[in-house]
Amino acid sequence: MRKTALITGASSGIGYELTKVFAKNGYNLVLVSRNAEKLKIISEEIKKRHDIQVKVIPKDLCKSPAPQELYDEVAADGINIEVLVNNAGIGTYGKFTDSILSVINTCAYNYFMLLCVHEKNNDFRC
Ligand SMILES: NC(=O)c1ccc[n+]([C@@H]2O[C@H](COP(=O)([O-])OP(=O)(O)OC[C@H]3O[C@@H](n4cnc5c(N)ncnc54)[C@H](OP(=O)(O)O)[C@@H]3O)[C@@H](O)[C@H]2O)c1
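Quick caveat: nothing in here was measured; it's all calculated off a predicted structure.

1. Concerning helix α3 (residues 66-76)
Residues of α3 that are buried: A66, P67, L70 and V74. Taken down its axis, α3 places every buried residue within 100 degrees of arc, on the same side. Residues D72 and A76 are exposed on α3 and point more than 90 degrees away from its buried face. A positive backbone phi angle near 70 degrees is found at G78, which sits one or two residues after α3.

2. Quick notes on the site of the ligand
Around the ligand, a shell composed of 22 residues is seen, among which G9, G13, R34, N35 and G89 lie nearest. Class assignment of the residues belonging to the shell around the ligand gives a composition of seven nonpolar, eleven polar and four charged.

3. A short note on the sheet that holds strand β3 (residues 54-58)
Taken together, four strands build an open sheet; the order of strands is β3-β2-β1-β4 and the sheet is parallel. The open sheet has two free edges, formed respectively by β3 and β4 (83-85), since each of these has just one partner strand. Pairwise comparison of adjacent strand axes, ignoring direction, gives a mean angle of 15 degrees for this sheet. Taken together, the three bridges between strand β1 (residues 4-8) and β4 define a ladder with parallel strand orientation. The residue of β4 that forms the bridge with A5 is V83.

4. Focus: the nonpolar core
Counting residues in each nonpolar core, the largest one holds 21 residues, and the members touching the most others are A5, I7, L29, L31 and V32. Put simply, the parts of the chain that give this core at least two residues each are β1, α1 (13-24), β2 (28-33), α2 (36-49), β3 and α3. The leading source of residues in this core is β2, at four residues. Apart from the residues within four sequence positions on either side, L31 is in contact with I7, A10, T19, L39, I42, S43, V54 and V56.

What counts and how
- Residues numbered from 1 in each chain as written.
- Predicted model: local features only at pLDDT ≥ 70, side-chain atom pairs only at ≥ 80, totals over all residues.
- Buried ≥ 20, exposed ≤ 12 C-beta atoms within 10 Å, placed from the backbone.
- Helix = DSSP H or I, 4+ residues; strand = E, 2+ residues; numbered from the N terminus.
- Arc of directions from axis to C-beta.
- Near = placed C-beta within 6 Å.
- Nonpolar A, V, L, I, M, F, W, Y, C, P; charged D, E, K, R; others polar.
- Pairing = 2+ DSSP bridges.
- Axes fitted to C-alpha atoms, helices over the stretch in contact; angles between N-to-C directions.
- Core = buried A, V, L, I, M, F, W, Y, C linked by C-beta atoms within 7 Å.
- Contact = placed C-beta atoms within 7 Å.

Keep in mind these numbers describe shape, not what the thing actually does.
Shown next as structure tokens:
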């Protein structure tokens, strides 16, 4: 049976490249980012090349219930996630003291929560 990888930030950059690597290695995929249209295009492109299942879940992981919603949606479909690529993120420039701490705090917390939800499901302590 194929394993499944959930990749956040799959619509560009490192996440997109890893999406292609996991697809090439025969993993089913759950792809997450905010841009639904981009995810759909990537999903179609991947499915044309590989005989795997691809589910896209457009989600803003900076919004507070997002990790739980994501978990619920995946669980409702009976999908077991073997690999979590917790990659979604943003880069910032400038002095740390001038940085957008509110964005960093909110997003970092949610990315961490996603990890917790995943690890809890896999009997890990968090
Ligand atoms: N590239 C580097 O040199 C470097 C160095 C150190 C660390 N990193 C980290 O590595 C990760 C990927 O970097 P990258 O260069 O590949 O970045 P990127 O090309 O900007 O890709 C970021 C991905 O995250 C998604 N994303 C951003 N905010 C999101 C949100 N709130 N909710 C859901 N998805 C979100 C974006 O898609 P949408 O816009 O569609 O949501 C996109 O798919 C980031 O976490 C970055 O901080 C990168």
